[in-house]
Structures are given as structure tokens and as C-alpha cells.
Amino acid sequence: MAAALRLDVHPTEKALVVQYEVEATILGELGEPVVGERKECQKIIRLKSLNANTDTSSLARKVVQECRLIHSSKLREVEQLLFYLQNRKESNDNQDRKHISPRDFSPYAGVELNEEANISNIDEYVELLYEDIQDKIRGATLIFQLARNPDNLEELIQNETALGALARVLREDWKQSVDLATTIIYIFFCFSRFGSLFSSCRICCYESKRRTRYVIPMRLCLCLLLNLAEDTRTELKMRNKNIVHMLVKLLDRQDEELLLVVVSFLKKLSIFLENKNDMAETFAVEKLARLFPCEHQELLITTSRLLLNLSFDTALRSQMVQAGLIPKLSSLLADEGQRQLSMCILYHISMDDRFKSMFADTDCIPQGSSAPHPPPSPLSTPSPPSSKPFLFNVKSAQERRTEEEVLMKLVFDCGEEKMDVELISLCINLAANKSNAQLICEGNGLKMLMKRAVKLKDVLVMKMIRNLSQHSGSTKSLFLDHVGDLAAQITEEESEEFVIECLGTLANLTIPDLDWALVLQEYNLVSYLKDRLKPGSAEDDLILEVVIMIGTVSMDDSCAAMLAKSGIIPALIELLRVQQEDDEFVCQIVYVFYQMVLHKATRDVITKDTQAPDYLIDLMHDNNAEIRKVCDNTLDIIAEYNEEWGKKIQNQKFRRYNGRWLEMVEAGQPFLYEEDGDSFIGSGDILDRADLFYSADGIISADGTISPEFYADFQNRELGQTGFMGSISDQFVAASDRPVSVYGFRPDEQFFFSYATASRLKKHVNG
């Protein structure tokens, strides 16, 4: 009797799965149950006629009528399952696997026989495998007939005698008959789709080594191995037999169907580190690159997926660039079916600064054109054609418009819809390169990006704009028209994430022609900046951007005076006290002090009305070399203009550089005394002996201070590279330079400093 009926849909095929239990009971003489056995069974009902136009109600009635296991009360459930199958979309995994099904191979029915196999005669067919070659072929063919029926597979797989005999014949006699070997391989392939089977691994691996003319059997062997590799233990055995090296060698073949299986197998293996390393050693990427472009769409997609798996490895990304994959992948961006995979691979490549500039030489970003020509949208208007000559390709206007179906056009075509993360992430990375930034900003490019960012409050687009603003030259000058739009976004009502990007963009605009005083007054930014300096008033990222912004505007004399008058300097000192363990905060705050001591009005405030010099002297001994460097620069300027502080700073520097010697002095080391016991340095304070300080060509006077004339000569770059100041002149920078920010950097400009802990300082947008 049958019980516990359960209905479900097949995970990959258009079929219903009927799961039921069969209970057999032997009754005694009096009718009582003596022996009982329960067995779980499964039946698959394949629905070959099911399509989008099928009447599911009629089909459900037919299924219930013809399948005696399904009670009529299940009619409604069957109809619902059929409706689900009718509307189910084929998943990507199914698309990957559809090429490893027997139906996709050329029809193979084995050697023609005039008899029909019956599962009840399986033992007789197995006996034939112990006879001569012709009988073995006949027995294998009959077993293959049984294996082609899915209902027989479970029973066949459980027949260990049959499996052992088939494996033995394949191992020992495969060279004697191609028909025999092919038939048995097909049998094992049928088995491999429904259970774990390892017997034929060795012979199939050997088959892939041979230069055989039988492409279909080789493809079949690989599909069999691919199915067996679903078991990780079996996959490990394959790797131990150098399966990756064998597969990479097969990439030299020309048959596209065979290549599809090979690439699918490599994609399956690539998720494990050891296999990925084997692919790197065998230069698999170089061989995969020749498959681009390819008219075989499935092969192209599968290859792209394999490359995506491999692109997580830095060394393999380098191989992709060397193989010329950047222009090939860029050309696929115009194909909607290939776009997402290509964009993901390009995104991974763009994470490496070494490769960002290579995108400028491809069709990924339009070159020699004013801007992409998107259709009219609320966010943009078409820009007129550019009169500039094409830089790399001599092509017609129509060809050029076709190629512009690339990144920037994709960005503008989004309109007000949400942009794909892969698209904007790639754009953000590319914007960090100066050559790419120039191409992006050409014509109306920057204007259209600003319109989208401001109107939609798009944080990621603003992050892209921020990266564009890092670059000096003509690109940075284009931002003069958008300073007002950016400053208007810095309000308490806007989200912190969006304000951070706007502040970061403004802080990058170190443009001499920009009137920062007017910007601060027009948009009432002084009070906003001061309020945000209070510890805990906002997230640390926003407070840090406020500090960086203050450092930028402090380059202007009138702005520095305005900020000092507002009481921002004490607020910075308090913030420095609270954030003293955060090197990045410390360095950026000290840089603000450096900018302010360059101006007379704010210099007096720093030196006379605050404790900033005391903090700077303490930071001279900081463990971070970059903090010490910016402190030294600031203290040198303070010492130049304030005699009292100059002596203190000089003493502290002397003690820092001569600490060991001073310890010996204080300990009374013998060599510091003459024979009569008198000290060489007398009884006074050694720091009062100005003649002991280093001097170089009059740069340092007898009292140890640096002359104003030296600073004038230094600013005019009239100093040589010799003597004492020749060694420290590199510590000074022009007033227009500033430290890099926490989120980006200006790769084309000389840094004021760069942290060794790049993960804290240079947070590139890589995902």
C-alpha cells in the first residue's frame, strides 16, 4: 500500500516529482501482521508538452487520471504546481548546466539491436560483460537502453555488480572498441546526473591526454567528470591527477562545443584556491583571452563567468591586462547580454591604480567627443558635437555614436532611475585617474553629473564627482561653475553621507581664482563648520571632512582671519585633545595650524592666545613620522616669527635629536671631563651654549635662530641643496599643497604626506 504522498516540482526540468512510501506487510495465519517493511519511492512525471500556451487545468486533470498514485483530491495542488512550472524562469545555474545533459549531444542509441531491454533481465546483461567483445557491446548497449529511462537509474546505480563490471570493461577493453567505450561512458554519464560515481575518473582523465579524433567522446568524458566533481572529495581526487593542467591544455582546441564544456569545468573548479592557483601557473587567462570576442554566446558568457571568478586575484588581474582583455571587455559593454559580467570584471581590474589609465585608450570612455549624446531627459540636454579630432580611431560619425554605447551614455540613460551598482562603482574607480577624468568631464559631462547628483541626492555619483575634483589642471578649473551648487548642499537638513562627499569635493578645489571668503559668507558656512567641530556633533567621517575643508579655505588670508575670529581655533584644539589617538585627525588639524601660521593675523592668535604650540611641541615626538613632519614645518614658521617660542622649540628639537648625548651628560660620563675634573661645558646649562649648535654658511645665526632672509630665499626657491637646510628643505611645501583626505588622493600632485597605513587614509571606492 502507498502512503504519505508528497508533490513537488523538479528543480531543473519541467516535471513533477511524486514522493511516496510503500509499505509491505506479511500476515500470519490468523491475519495478524508478522513482517512489515516501509520503503520511500519517487516518481518523476515529465511534462514535455508544457509551454506558455498550455491549459494547466486540462493538463492537471490528465496527470491525475493517468497517474494512479495521485488522488483526485490533489487536483488543485497539481494545477498550482503546473502553473508555477509554466511561469518559472530558467536560472543562470540551469543555463550553465544545460550543456551537460544527454539530450544536447548528438543522438546516440548504442549499437543497433533487434531486442528491447528489460530491467528484470539486468543480471543477464551483466553476464554478457564477461564474454567476448561483441557480447560485451551487446550487454553494454542493453544496459544503456535501461539507463536512458530515468525510472531505472536508481535501481541500476544500486546494482554494485553491474557498476563494477562496467568499470572493469571500460578500464581494460576501451582500446579494443570505440563503440564499447562510448556506450559505457554514456551509461556512466547517465548515472552521474543522479548519484555519486567515481569508477571512471582515471580512464576519462587519460582520455583527455590523448590526441583523439573522437571529439564527442572527449566532451562526454569531461561532462561526466564535471558531474562527478559535484562531490568535493571526488573533485580533490581529480585535482591530484592534475585535472586543471589537462583542461587548460584543451583550451587550444577549436571545437566550440568542447571548449564550452572545458570552460564550464574550469569555472566549477575555480571557486577553490588551489585550483585557482593552478590556473595562474598554467597561464589559463592568456588562452581564455583568445575566446573574446566569440559568436558562440554561451561560450562567451561562460568564459566571462570564469574570468569573473579569477578576477578576484591580483596576479590574475595582471595577466588579464597583459592579455589585452581591457579593450575586449570594453567592447562588450554595448551588448546588453554581456554587459553586467564585463562590467564586473572591468570593475575588479579598475581597483588597481596601475591599470586605471589603460581605460582611456579603449572605447570604455568616449574619446575625442564632447560628451555622450543621451536622449532628452529631465537631468540632461544633448550636447553639440565636438570639433576636436579623434585621438585614436579614425571612424565615421555613425561608427563613433555606436561605440559611445558605453559607460557615460549608460550613466546618463538612467535618467532618474536608480543606477546599477556595478556601473557607478566602475565609474567611481575610473574617475580617480587624471586621463579618465579629463574624458569624463569633456563638454557637458561634469555638468550633467552635477545635475543628477544634486537633483537626486545621489551619494555615489557625488563620490564620483569628488574623485574627479582631485585632479589639477583643466579638470579642476571646470568646478568653478559648480562651487555654489556644492556649497548649497552643506546644510543640517541634508544626509551626512551626501554632505561628506560635497565637503570632500570642495576641499579638493585648491584653485587660486576661487574666492573662498565670498563662498563662506554667501552660504553661511562658518557657523556650520564651527558647530560640526564639536566632538560627538556628527559622525567622525563628517567631522574629519570639516577639518579638511577648513584646511583648504585657510589658504586664503581673509578666510583664515574670518575663521580665527569665529573661535574655530579653540574648537580645533579641543577636537585635537579628544581625537589625539586618531593619527588622521591629528595630522589634518595640525595642517590647519600650518596654514594659519602662514598668515600674520592668525599667526598671532595661534602663538599668543592658544595652547596650540604646546600641543605641536608634544607632537614632535609622535610615533607617526608624517605627523612629526607637519609639526616640524609648523613649528619652524612659529620659531621664525616669535622669539620666545623659537627658543623653546629650538631647545626641544635639540633634546629630541641629541637625547642620547644629553643622557650621558646628565649621568656624568668620564669623557666629558678634563684631567683636573672640570667639565668641558662648564657649570651652566648646555642649551645656553649657542656655539655648540650646528651652523651652515650663516643660515643659522649664533643664537641658533633661522634668519628671515633665509625664509624669503626659500620661498623664492633660491636655496641650494647643500648644507644643513639642504637636508630639511624637503620638509617644506608650498601653501597650496595639503594632506590627502581620508577618501581619496590627488595622484598627479606632490603629496604633503601619505600615511603608511593606506587602508586608513586612502579608502578607494572599490565596491
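Residues numbered from 1 in each chain as written. Predicted model: local features only at pLDDT ≥ 70, side-chain atom pairs only at ≥ 80, totals over all residues. Heavy atoms only, no water.

Caption draft 1: A look at the overall build of the protein chain. Each helix and strand counted, the protein chain has 43 helices and 3 strands in total. Taking all 767 residues of the protein chain together, 51% fall into the buried category. A separation threshold of at least 6 residues defines the contact pool for the protein chain, and within that pool the share at least 24 residues apart is 66%. Surface accessibility of the protein chain: about 37800 Å² in total, with carbon and sulfur atoms responsible for 48%. (Helix = DSSP H or I, 4+ residues; strand = E, 2+ residues; numbered from the N terminus. Buried < 20%, exposed > 50% of the residue type's maximum accessible area, 1.4 Å probe, protein only. Contact = heavy atoms within 4.5 Å. Areas by Shrake-Rupley, 256 points an atom, 1.4 Å probe, with all protein chains shown as cover.)

Caption draft 2: Main features of helix H29 (residues 496-507). An ideal rise of 1.5 Å per residue puts 16 Å on 12 residues; H29 measures up with 16 Å between its terminal C-alpha atoms. Within H29, 10 of the 12 residues are buried, leaving the element largely enclosed by the surrounding structure. Inspection of H29 places Phe498, Val499, Ile500, Glu501, Cys502, Leu503, Gly504, Thr505, Leu506 and Ala507 among the buried residues, and these make up the whole buried set. Buried positions along H29 lie against helix H25 (445-456), helix H26 (459-468), helix H28 (483-488), helix H30 (516-522), helix H31 (525-532) and helix H32 (540-553). (Expected span 1.5 Å × (residues − 1).)

Caption draft 3: Summary view of the nonpolar core. In terms of nonpolar packing, the biggest core is built from 194 residues, with Leu449 and Phe593 touching the most fellow members. Residues within four places of Leu449 in sequence aside, it is in contact with Met408, Val411, Phe412, Ile440, Val461, Met464, Ile465 and Leu468. (Core = buried A, V, L, I, M, F, W, Y, C linked by side-chain atoms within 4.5 Å.)

Caption draft 4: A look at the packing of aromatic side chains. Enumeration over the complete set of coordinates arrives at 3 aromatic pairs. With 5.7 Å between their ring centres and 55° between their planes, Phe144 and Tyr186 make a pair best called tilted. Of the two residues, Phe144 sits in helix H5 (residues 133-147) while Tyr186 sits in helix H8 (residues 178-192), which places them 42 residues apart along the sequence. As far as the burial class goes, Phe144 and Tyr186 line up, both buried. Between the NZ or CZ atom of Arg603 and the centre of the ring of Tyr641, over which it lies, the distance is 3.8 Å. In this structure, Lys648 packs its charged tip against the face of Trp645, placed 4.6 Å from the ring centre. (Phe/Tyr/Trp six-rings, centres within 6.5 Å; stacked < 30°, edge-to-face > 60°. Lys NZ or Arg CZ within 6 Å of the ring centre and 35° of its normal.)

Caption draft 5: Structural detail: the side chain of Thr54. Note that Thr54 resides in the loop between strand E3 (33-46) and helix H1 (56-66). Here Ser49 takes part through its backbone oxygen, which lies 3.1 Å from a polar atom of the side chain of Thr54. Dropping the residues within four chain positions of it, Thr54 is found in contact with Ser49, Leu59 and Gln86. (Polar contact = N/O pair within 3.5 Å; in protein donor to acceptor, adjacent residues only side chain to side chain.)

Caption draft 6: Focus on the pattern of salt bridges. Inspection of every chain in the model, using the stated rule, returns 23 salt bridges. Residue Lys455 pairs with Glu416 through a salt bridge whose shortest N-O separation is 3.1 Å. Here Lys455, found in helix H25, pairs with Glu416, found in the loop between helix H22 (407-413) and helix H23 (421-430); they are 39 residues apart in sequence, far enough to count as distant. Given the relative accessible area of 46%, Lys455 is considered partly exposed. Among the residues examined, Glu416 registers a relative accessible area of 45% and is labelled partly exposed. The salt bridge partner of Lys463 is Glu501, with a shortest N-O separation of 2.8 Å. One end of the pair, Lys463, is in helix H26; the other, Glu501, is in helix H29, and 38 residues separate them in sequence. A residue is classified by how much of its surface remains accessible, and Lys463, at 15% relative accessible area, is buried. Classification of Glu501 as buried rests on a relative accessible area of 3%. It is possible to trace a salt-bridge network through shared partners that takes in Lys463, Arg466, Glu501 and Glu545. (Salt bridge = Lys/Arg side-chain N within 4 Å of Asp/Glu carboxyl O.)

Caption draft 7: Quick look at helix H37 (residues 612-619). Taken as a whole, H37 has its buried residues at Ala612, Pro613, Leu616, Ile617 and Leu619. The arc that holds the buried residues of H37, viewed along the axis, is 160°, so those residues lie on one side. Lining the buried residues of H37 we find helix H34 (568-578), helix H35 (583-597), helix H36 (600-608), helix H38 (625-641) and helix H39 (643-657). (Arc of directions from axis to C-beta.)

Caption draft 8: Representation of the packing of H5 against helix H6 (residues 150-157). Taken N-terminus to C-terminus, the directions of H5 and H6 make an angle of 120°; their axes are 7 Å apart at the nearest point. With respect to each other, H5 and H6 are oriented oblique. Across the interface between the two elements, Ile143, Leu146 and Ala147 of H5 pack against Asn152, Leu153 and Leu156 of H6. Along the lines of polarity and charge, the residues of the contact of H5 with H6 split into 5 nonpolar, 1 polar and no charged. (Axes fitted to C-alpha atoms, helices over the stretch in contact; angles between N-to-C directions. Parallel < 35°, antiparallel > 145°, perpendicular 65-115°, else oblique. Nonpolar A, V, L, I, M, F, W, Y, C, P; charged D, E, K, R; others polar.)

Caption draft 9: Representation of a negative patch on the surface in the model. A cluster of acidic residues, Asp123, Glu124, Glu127, Glu131 and Asp132, forms a negative patch on the protein surface. Here Glu127 is to be found in helix H4 (residues 122-128). (Patch = residues over 30% accessible without salt bridge, like charges linked within 9 Å, V, L, I, M, F, W, Y side chains within 5 Å. Lys, Arg positive; Asp, Glu negative; His and termini not counted. Charge placed at Lys NZ, Arg CZ, Asp CG, Glu CD.)

Caption draft 10: Looking closely at the packing of H23 against H26. At a closest axis distance of 8 Å, the pairing of H23 and H26 adopts a crossing angle of 15°. Classed by the angle they form, the pair H23 and H26 counts as roughly parallel. Once H23 is placed against H26, the crossing between them reads as left-handed. Residues Ile424, Cys427 and Ile428 of H23 lie in contact with H26, whose contacting residues are Leu460, Val461, Lys463, Met464 and Asn467. Looking at the contact of H23 with H26 residue by residue, the classes come out as 6 nonpolar, 1 polar and 1 charged. (Left-handed = near helix turned anticlockwise from the far one by under 90°.)

Caption draft 11: Structural view of the side chain of Ser270. Its place among the elements puts Ser270 in the loop between helix H13 (256-269) and helix H14 (273-281). For Ser270, a relative accessible area of 6% puts it in the buried group. Side chain to side chain, Ser270 and Asn309 meet in a polar contact 3.0 Å long. Setting aside residues no more than four positions away along its own chain, Ser270 makes contact with Lys276, Met279, Leu306, Asn309 and Leu310.

Caption draft 12: Representation of the environment of Gln80 within the structure. Here Gln80 shows up in helix H2 (residues 75-87). Overall, Gln80 belongs to the partly exposed group, its relative accessible area being 46%. For the pair formed by Gln80 and Ser57, sequence separation is 23 residues and the distance between their alpha carbons is 9.0 Å.

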